Amino acid sequence: MAQSLSCREIIDQSNYPIDEVDNPKRQEVIEQVRAQLAVDGCAVVRNFFSEEGLNALLDEANERKPDAYYSPKKDCNVYLGSPDESQSKEHPRNIFMPRTNGFVRADTFDEESASRRLYYWEPLKQFLADCLDKPELFIYEDPISNMIVNVGKKGQRFNWHFDTNEFTITMLLKPAVKGGNFEYVPSLRTPQDECYDEVKKVLDGDRSRVKRLELNAGDLQFFLGRFSLHQVTENLGDEDRLLLIMSFTEQPGVIGSMYRVKDLYGKVTAAHLVNEESLIRADGLLD
Ligand SMILES: [Fe+2]
């Protein structure tokens, strides 16, 4: 039973004693993650969960999967933004590609669920902050999208894009039997340069800089996706790919833009309406 598992028990305590701050094993993992992130902005902690923990998280995702929301707006450019009519049709801003996978919303997880309890567990948050070399992380206060499950059914994919967030924390609960691979091109753009020519090459099929990450059920992944183009390829198997996504912010009180949340998750709350005028965002971007 998920309810009977403590947060400690959800995680593989023998390899990842993340709530024991003085345990050298904890520090070792943190250093490994930091080293991997320094290389190419991607780090994986393999088999992060106990068997019972993974089963509990997977059961919760499967139970809620029928309620996943699939946005009717299926095509995106790599900037997840609007086209640029001043540019040619071949320009990356004007190339729209399918994003067809869906999301199980955060508000479908009750307070007693293992997923939600884990998300709010202080030692996990501190461990993730330490891995990312941040003094502190805060719960993303968006009640619809702060802790969600991405569902990729057969034939679905999330094409090449850059993230608006600096970092993403994901936990693969179930890989696709075939396809559904995470691929990325490290440091394809910089804060100063969109590097449109390099982006265009990837969109045209150049795979010379593309890395593919083999992920298994139970792997915790850190990814710095603001400058590294990335995608999840089409799920070619008969079973759904399920990915738990936990979002944290570097300042308290951040929620998503009403329009973005409505578009991706099909629902907003009073909090979105009330705060629309005075949103605190993670950065100064328009989203
Ligand atoms: Fe992304």
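Thresholds, definitions, all that
- Residues numbered from 1 in each chain as written.
- Predicted model: local features only at pLDDT ≥ 70, side-chain atom pairs only at ≥ 80, totals over all residues.
- Heavy atoms only, no water.
- Helix = DSSP H or I, 4+ residues; strand = E, 2+ residues; numbered from the N terminus.
- Rg over C-alpha atoms; globule rule 2.2 N^0.38 Å.
- Areas by Shrake-Rupley, 256 points an atom, 1.4 Å probe, with all protein chains shown as cover.
- Lys, Arg positive; Asp, Glu negative; His and termini not counted.
- Charge placed at Lys NZ, Arg CZ, Asp CG, Glu CD.
- Axes fitted to C-alpha atoms, helices over the stretch in contact; angles between N-to-C directions.
- Parallel < 35°, antiparallel > 145°, perpendicular 65-115°, else oblique.
- Contact = heavy atoms within 4.5 Å.
- Pairing = 2+ DSSP bridges.
- Buried < 20%, exposed > 50% of the residue type's maximum accessible area, 1.4 Å probe, protein only.

*Asks:* Where do I start with the overall build of the protein in this structure?
*Replies:* Helix and strand counts for the protein come out as 8 helices and 14 strands. The C-alpha atoms of the protein give a radius of gyration of 19 Å, which matches the 19 Å a tight globule of 287 residues would have. When the backbone C-alpha atoms are referred to their principal axes, the protein occupies close to 55 × 45 × 40 Å. For the protein, the exposed surface amounts to about 13600 Å²; the carbon and sulfur share of it is 49%. Within the protein, the 49 negative side-chain charges are centred at a point lying 5 Å from the centre of the 35 positive side-chain charges.

*Asks:* I would appreciate a short explanation of the packing of helix α2 (residues 24–40) against helix α5 (residues 122–131) in the present structure.
*Replies:* For any two helices packed against each other, one specifies the crossing angle of their axes together with the interaxial distance. Relative to each other, α2 and α5 sit at 45 degrees, their axes nearing to 8 Å. Considering the angle they form, α2 stands oblique to α5. Only Q126, F127, D130 and C131 of α5 make contact with α2, whose side of the interface consists of R26, V29, I30, V33, R34 and L37.

*Asks:* What's the story with the sheet that holds strand β7 (residues 158–161) in this structure? I'm lost.
*Replies:* As a general point, the strands of a sheet are linked pairwise by backbone hydrogen bonds and lie either parallel or antiparallel. If you trace the 4 strands from one edge of the open sheet to the other, you get β7-β12-β9-β10, paired in antiparallel fashion. The two strands at the open ends of the sheet, each matched to only one other strand, are β7 and β10 (211–213). Between one strand axis and the next, the sheet turns by 15 degrees as a mean value, whatever way the strands run. Sheet topology places strand β9 (residues 182–185) next to strand β12 (residues 229–232); 4 bridges connect them, and they run antiparallel. Within β12, the residue paired with E183 across the bridge is Q231.

*Asks:* What exactly am I supposed to notice about the sheet that holds strand β4 (residues 102–104) here?
*Replies:* Across the sheet, 6 strands lie side by side as β1-β11-β8-β13-β6-β4; this open sheet has antiparallel pairing. Whereas interior strands pair on both sides, the edge strands pair on one side only; in this sheet they are β1 (42–45) and β4. For this sheet the average axis-to-axis angle between neighbouring strands, irrespective of direction, equals 25 degrees. Of the pairings in the sheet, the one linking strand β6 (residues 147–152) to strand β13 (residues 241–246) comprises 6 bridges and is antiparallel in character. From the neighbouring strand, N150 faces β13, where its bridge partner is L243.

*Asks:* Help me understand unusual backbone geometry in this model?
*Replies:* Backbone geometry at L80 places phi at a positive 50 degrees, although glycine is not the residue there. Here L80 is to be found in the loop between β2 (75–76) and β3 (97–98). The class of L80 is partly exposed, set by a relative accessible area of 22%. Of note in the backbone geometry, C195 takes a positive phi value of approximately 50 degrees without being a glycine.

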